[in-house]
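These are the residues of each chain, in order.
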Amino acid sequence: MRTTAQWQAADASHFLHPFTDFGALARKGSRIITKAENIYLTDSEGQRILDAMSGLWCVNVGYGQQALIDAATRQLKELPFYNAFFQTATPPAIELAELLAEVTPPQFQHVFFAGSGSEGNDTIVRMVRRYWDILGQPERQVIISRKNGYHGSTMAGASLGGMSYMHAQGGLPIPNITHIDQPYWYENGRPQGLSREDFGKVAAGWLEQKILEVGPEKVAAFIGEPIQGAGGVIVPPETYWPEIQRICDKYGILLVSDEVICGFGRTGNWWGCETMGFRPDLMTFAKGVTSGYIPLGGVMVGDRVAKVLIEQGGDFNHGYTYSGHPVACAVALANIKLIRELKLVEQVRENTGPYLAAQFKALEDHPLVGEQQTKGLMGALLLVKDKAQGTPFASELEVGMVCRGHCFGNGLIMRAVGDRMIIAPPLVITRAQVDEMMALIRRALDLTLTDVRA
Ligand code: PLP
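Conventions we followed
Residues numbered from 1 in each chain as written. Predicted model: local features only at pLDDT ≥ 70, side-chain atom pairs only at ≥ 80, totals over all residues. UniProt positions renumbered as here; feature names shortened; annotations may be inferred. Pairing = 2+ DSSP bridges. Helix = DSSP H or I, 4+ residues; strand = E, 2+ residues; numbered from the N terminus. Axes fitted to C-alpha atoms, helices over the stretch in contact; angles between N-to-C directions. Contact = placed C-beta atoms within 7 Å. Core = buried A, V, L, I, M, F, W, Y, C linked by C-beta atoms within 7 Å. Buried ≥ 20, exposed ≤ 12 C-beta atoms within 10 Å, placed from the backbone. Domains from an automatic or database assignment. Near = placed C-beta within 6 Å. Nonpolar A, V, L, I, M, F, W, Y, C, P; charged D, E, K, R; others polar. Parallel < 35°, antiparallel > 145°, perpendicular 65-115°, else oblique. Left-handed = near helix turned anticlockwise from the far one by under 90°. Expected span 1.5 Å × (residues − 1). Arc of directions from axis to C-beta.

- The protein has the name Putrescine aminotransferase in an unreviewed UniProt entry, where Rivibacter subsaxonicus is given as its organism.
- Looking at the Sequence similarities (unreviewed entry) heading of the UniProt record, one finds this comment for the protein: "Belongs to the class-III pyridoxal-phosphate-dependent aminotransferase family."
- In its Cofactor (unreviewed entry) section, UniProt records this for the protein: "pyridoxal 5'-phosphate".

Structure (structure tokens):
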């Protein structure tokens, strides 16, 4: 086994990491993660780290689940690959399509497989435009999404996303994608003195304004994450999504839920749209479908779109080598069965979700915490300079990164998005482990407070 320094040197010499300042990382050196079990990682120095981010929002059943390992091994031996292009299909892909139809809301009886969430969202862009083409309305090209939403890193995914720092590189967004402001009450509603409920309606109203500005006859779809994840776990007011639904219905616009993070139990229901109260026409999924053990993503296609594509569509000229990869599908089948067997969705809804909510509520006393939010097993703490006024820290201070450093140093993975500290632990986390995580979070907050006061 190589030493940490040897791994770091080889890493710096050859491996360009995603979303990373390559030069800075090469100088600093990566943390090398070597193994994991349950909710704990181990690094190359032997330190145990509580993974409060489920890898990257994906390891819902936790690490080391034998059922998933066995499913992959069996399928690798039986049939490691076959495609779905030549009017061919494999048993795991068919079975998974069947099972997904069972665990998704009733309008979803069909699935289009992809290799990731980004590929799923690229599929969405082509599929919704195809849908309107078939219906003789090819001018319906425009897809509306939100600033600070995240929908992936491909050209279409990053265009749908509303991250300005992504648009700044590579000439994005691609044409006919436009954005409205996000439903972030603390930043956009609280300063105006709006209640959360009233702000939810105001923020949804921005969609109607945009539709009228673009011209309703040109709008194909609206896409959003039920709860923005990478944007900082921004839980919209309860009034937001039902109003978005009403507006989409009013103008006949397709409603797309990006469930890449919220799907598979994260919010205490199987799907984020169930928790937030809306009925999408299409849903993107990835991550939790295999608990990240192997890449897989796709699109659930609701009856409204499926009927048109199947009955009137002809060829849909789109697909990936790995659409319906048999090993990925076999792992997904084992994963979904395990989620059911362990009753993880119920556990999040009735037990660990409310427990986490109470622990986060208690953190409102901390001098650094301006706002806290949770939904199921997603949570965010906003670090502010002045709680009473909600004044942010100077951005040069990078208080989120300071706090993240204290988490990492003390054996906890917690992510910083600006000054929002976010978590999404594996759904198998127990109450005792939530306590352990909260003690580490408190410690990191206290150390950060000492730093900012110094
Ligand atoms: N959509 C959402 C909501 C995501 O959070 C992500 C990834 O974090 C994606 C899409 C992109 O998925 P992938 O990284 O698998 O391409």
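1. Focus: the sheet that holds strand E5 (residues 142-146)
Point 1. Taken in spatial order, the 7 strands make up an open sheet running E4-E10-E9-E8-E7-E5-E6, and their pairing is mixed. Both outer strands of the open sheet, strand E4 (108-114) and strand E6 (177-180), are each paired with one neighbouring strand and no more. Averaged over all neighbouring strand pairs, the angle between strand axes comes to 25°, with direction disregarded.
Point 2. Both strand E9 (residues 282-285) and strand E10 (residues 297-302) contribute to a ladder of 4 bridges, which runs antiparallel. Within E10, the position partnered with Met283 by the bridge is Met300.
Point 3. Here helix H6 (residues 117-134) sits on the sheet and contacts E4, E5, strand E7 (219-224), strand E8 (254-258), E9 and E10; the angle it forms with E10, its principal contact strand, is near 30°.
Point 4. Contacting E5, E6 and E7, helix H10 (residues 196-214) crosses the sheet at an angle of about 145° to E6.

2. Here's the deal with unusual backbone geometry
Point 1. A cis amide bond links Leu172 with the next residue in sequence, Pro173, at an omega value of 0°.
Point 2. Secondary-structure assignment places Pro173 in the loop between helix H8 (164-167) and E6.
Point 3. A positive phi is found at Ser54, a non-glycine position, where the angle reads about 45°.
Point 4. Looking at the secondary structure, you find Ser54 in helix H3 (residues 54-57).

3. A look at the pairing of strand E11 (residues 369-375)
Point 1. Judged from the 6 bridges that link them, E11 and strand E12 (residues 378-383) form a sheet pairing that is antiparallel. Looking at E12, one finds that Glu371 is bridged to Leu382.

4. Points about the nonpolar core
Point 1. Membership of the largest hydrophobic core comes to 124 residues, with the highest contact counts inside it found for Ile143, Phe222 and Leu412.
Point 2. Top contributing element to this core by residue count: helix H14 (residues 326-341), with 11 residues.
Point 3. Lining this core are residues from two domains, each supplying at least three of them: domain 1 (31-61 + 343-453) and domain 2 (67-341).
Point 4. Among all residues touching Leu412, those that are not within four sequence positions of it are Ile49, Leu50, Ala52, Cys407, Met437, Leu440, Ile441 and Ala444.

5. With respect to the site of the ligand
Point 1. Within the structure, the ligand sits among 15 residues, and Ser116, Gly117, Ser118, Gly152 and Val260 are positioned closest to it.
Point 2. It is H6 that provides the largest number of residues to the shell around the ligand, a total of 3 residues.
Point 3. Residues that form the shell around the ligand fall into these classes: 5 nonpolar, 8 polar and 2 charged.

6. Here's the deal with the environment of Pro91
Point 1. The topology assignment puts Pro91 in helix H5 (residues 91-103).
Point 2. Residue classification places Pro91 among the partly exposed residues on the basis of 14 C-beta atoms within 10 Å.
Point 3. Measuring from C-alpha to C-alpha, the distance between Pro91 and Cys329 comes to 9.1 Å, with 238 residues separating the pair along the chain.

7. As for the domain arrangement of the protein
Point 1. When its domains are assigned, the protein resolves into domain 1 (31-61 + 343-453) and domain 2 (67-341).
Point 2. The gap between the C-alpha centroids of domain 1 and domain 2 is 26 Å.
Point 3. Contacts between the two partners involve 27 residues from domain 1, matched on the other side by 25 residues from domain 2.
Point 4. Secondary-structure elements contributing two or more residues to the side of domain 1 that touches domain 2 are H3, helix H15 (344-362), E11, E12 and strand E15 (420-423).
Point 5. A total of 5 residues in the side of domain 1 that touches domain 2 trace back to one element, the largest contributor, which is H15.

8. Overview of the sheet that holds strand E14 (residues 415-417)
Point 1. One open sheet holds the 4 strands; their spatial order is E11-E12-E15-E14, and the pairing between them is antiparallel. The open sheet terminates on both sides in strands that have one partner only, identified here as E11 and E14. If you compare each strand with its neighbour and ignore which way they point, the axes differ by 20° on average.
Point 2. Pairing between E12 and E15: 4 bridges, direction antiparallel.

9. Comments concerning the packing of H6 against helix H13 (residues 303-312)
Point 1. It is the contact of H6 with H13, at a shortest axis distance of 10 Å, that shows an interaxial angle of 60°. Taken together, the axis directions place H6 and H13 in an arrangement best described as oblique. For the pair H6 and H13, the crossing hand works out as left-handed. Between H6, through Met127, Tyr131 and Ile134, and H13, the contact on the second element is made entirely by Val305, Val308, Leu309 and Gln312.

10. Comments concerning the environment of Val142
Point 1. Relative to the elements of secondary structure, Val142 occurs in strand E5.
Point 2. Taking the C-alpha atoms as reference, Val142 lies 9.5 Å from Pro216; in sequence the two are 74 residues apart.
Point 3. If we ignore the near neighbours within four places in the chain, the residues touching Val142 are Asn176, Thr178, Val214, Lys218, Val219 and Ala220.

11. Concerning H10
Point 1. The end-to-end C-alpha separation of H10 is 28 Å, in line with the 27 Å expected for 19 residues at 1.5 Å each.
Point 2. When H10 is considered as a whole, its buried residues turn out to be Phe199, Gly200, Ala203, Ala204, Leu207 and Ile211. For H10, the angular spread of the buried residues around the axis is 150°, confining them to a single face. Facing away from the buried surface of H10 by more than 90 degrees, the exposed residues are Gln209, Leu212 and Glu213.
Point 3. Where the residues of H10 are buried, they touch E5, E6, helix H9 (185-188), E7 and helix H11 (240-251).

12. Brief notes about the packing of H15 against helix H17 (residues 431-453)
The angle between the axes and the distance between the axes are what describe a pair of packed helices.
Point 1. Closest axis-to-axis distance for the H15/H17 pair is 10 Å, and the angle between their directions is 25°. Taken together, the axes of H15 and H17 lie roughly parallel to each other. Two packed elements cross with a definite hand, and for H15 against H17 that hand is right-handed. Of H17, the residues touching H15 (which contributes Thr352, Tyr355, Leu356 and Gln359) are Arg431, Val434 and Met438.

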